[in-house]
Amino acid sequence: MKRISLNTQILLGSLLGILLGFWFALLGQESDIAQNGLYVAKLVSTLFIDLLRMVLIPLVFTSIVVGVANLRSHRQMNRVWQIALVFFVSTMVCSVMLGLTAANLLQPGNELQITMFQDAMQGFKATQMSLSDFFAHFLHSLFQNPIAALAQGNVLAVVIFALLLGIALVVGGERYRNILILMQEFLELILMLVGWIMRLAPFGIMALLLQLIATQDTHLLGTLIKFVAVVLGTTLLHGVVLLPLILYLLTGMTPLKFWLGAREALITAFATSSSAATLPVTLRCAEQHLHVKRDVAGFVIPLGATMNMDGTALYEAVAALFVANLVGMELSLLQQAIVFLTAMLAAIGAPGIPSAGMVTMAMVLQSVGLPVEAIAILMPVDRILDTIRTTVNVEGDLIGSLVVQKWIKKQDGLNK
Ligand code: ASP
């Protein structure tokens, strides 16, 4: 019998997860079937995410070291990170602009009063995070003892250390060849583990989607429907129209070809709501399905997973305008510009884990004097919004790697 491909298995798993989720939601949380089903789903999904997390740090470390070290010439290395950064920042600018424009036109939250949410806000302990605190914290998190960063799973600090080590390997040249070979072989082994973990993906994704749907609070979704619609609509517009258009214009790749190559990563991002947990899958898709050279993908994708978050930036901006409407505060152009900037910073600083955007949003709200407690209002709908914004975040990283590869090739072609 012909084996069903992994992609088809993942698709079937997703469909089954959605159907079972609706069934359990209909049965209600008290029913034995739903309770037992949810228990099993929790076990399976935790196992899947734990396995992805297990390989995450060694993968980020080796792929960046190898990626940077193989971009042998300084000029080539400079170009890769410059193009990657320009791409990341400009796509984030587009997404925030899109979000702000839609929020200004449609004014979500205008029809609601903040007093309606008093109860939710009272039980919420806001983490105060001013712009200066945020900066200090961000800077501090960049440079850490690498052993501690590796052990604690601090992705950003690992990225920075690996970058520096990669650069040192380039500068050191032939003399450190053995270390480079060691890293390369280690990376190959980790990628082999990722391949094994992916066999569990159909079950992991099924379990995640099942829980997402079965435990959704539809009542609150109803109250915040306009806000949810604006966020989802603009995020989808960015992910389905704008990003693929940029990809097509810059590389000539059609959206269909891209989505077929990227679907494993996009579905995993949707189900896990974590760019970091998805990273092993994203790298695999970039290299194996989209044919991005390992040296480019190994550098651009982990960097993107930690700093390039179009969906998160858009969400933070729309949420700030929503809260402003709730409290009846008209934001001036200058205040909107501040929202624009802080939303981007908050997205860059947010780690790629579920609901990270909610935490860094405190800074955006505070920067224009909005009540930070209002985050409590958004909490119940965050889980559902996080799915789409994480998917778009990961999509942006994959497109970034394709764009960087194309531009490098255009200029002089990779050595390898
Ligand atoms: N969950 C998102 C991610 O991992 C971050 C966020 O909360 O916006 O990309």
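Calculation rules
Residues numbered from 1 in each chain as written. Predicted model: local features only at pLDDT ≥ 70, side-chain atom pairs only at ≥ 80, totals over all residues. Heavy atoms only, no water. Near = heavy atom within 4 Å. Polar contact = N/O pair within 3.5 Å; in protein donor to acceptor, adjacent residues only side chain to side chain. Helix = DSSP H or I, 4+ residues; strand = E, 2+ residues; numbered from the N terminus. Nonpolar A, V, L, I, M, F, W, Y, C, P; charged D, E, K, R; others polar. Buried < 20%, exposed > 50% of the residue type's maximum accessible area, 1.4 Å probe, protein only. Contact = heavy atoms within 4.5 Å. Expected span 1.5 Å × (residues − 1). Arc of directions from axis to C-beta.

J.: Tell me about the site of the ligand, residues and numbers included.
T.: Close contacts around the ligand come from 15 residues, with Ser275, Thr312, Gly357, Asp386 and Arg389 the closest. Within the side chain of Ser275, an N or O atom sits 2.4 Å from an oxygen atom of the ligand. Between the ligand and Ile353 there is a distance of 3.1 Å, counted from a nitrogen atom to a backbone nitrogen or oxygen. Of all the secondary structure elements, the ones that give two or more residues to the shell around the ligand are helix 17 (356–367) and helix 18 (375–411). The leading source of residues in the shell around the ligand is helix 18, at four residues. For the shell around the ligand, a count of residues per class yields four nonpolar, nine polar and two charged.

J.: Kindly report on the side chain of Ser45, identifying the contributing residues and their values.
T.: The topology assignment puts Ser45 in helix 2 (residues 32–70). By relative accessible area, which is 6% here, Ser45 ends up buried. In terms of polar contacts, Ser45 uses its side chain to reach the backbone carbonyl oxygen of Lys42, at 3.2 Å. The contact partners of Ser45, leaving out residues within four places of it in the chain, are Gly204, Ala207, Leu208 and Gln211.

J.: Would you mind going over helix 1 (residues 6–27) in detail, with residue names and values included?
T.: When the terminal C-alpha atoms of helix 1 are compared, their 31 Å separation across 22 residues agrees well with the 32 Å that a helix rising 1.5 Å per residue should span. Along helix 1, the positions that sit buried rather than exposed are Asn7, Ile10, Gly13, Ser14, Gly17, Gly21 and Phe24. Along the axis of helix 1, the buried residues cluster in a sector spanning 115 degrees; they form a single face. Turned more than 90 degrees from where helix 1 packs its buried face, Leu19 and Leu26 sit exposed. The secondary structure elements touched by the buried residues of helix 1 are helix 2, helix 8 (177–198), helix 9 (201–214) and helix 12 (255–272). Positive backbone phi, at 90 degrees, marks Gly28, one or two positions downstream of helix 1.

J.: Explain the side chain of Thr390 to me, and be specific about the residues and the numbers.
T.: Position of Thr390 relative to the elements: it lies in helix 18. Those residues in contact with Thr390, other than ones at most four positions away along the chain, are Ala269, Ser273, Ser274 and Ser275.

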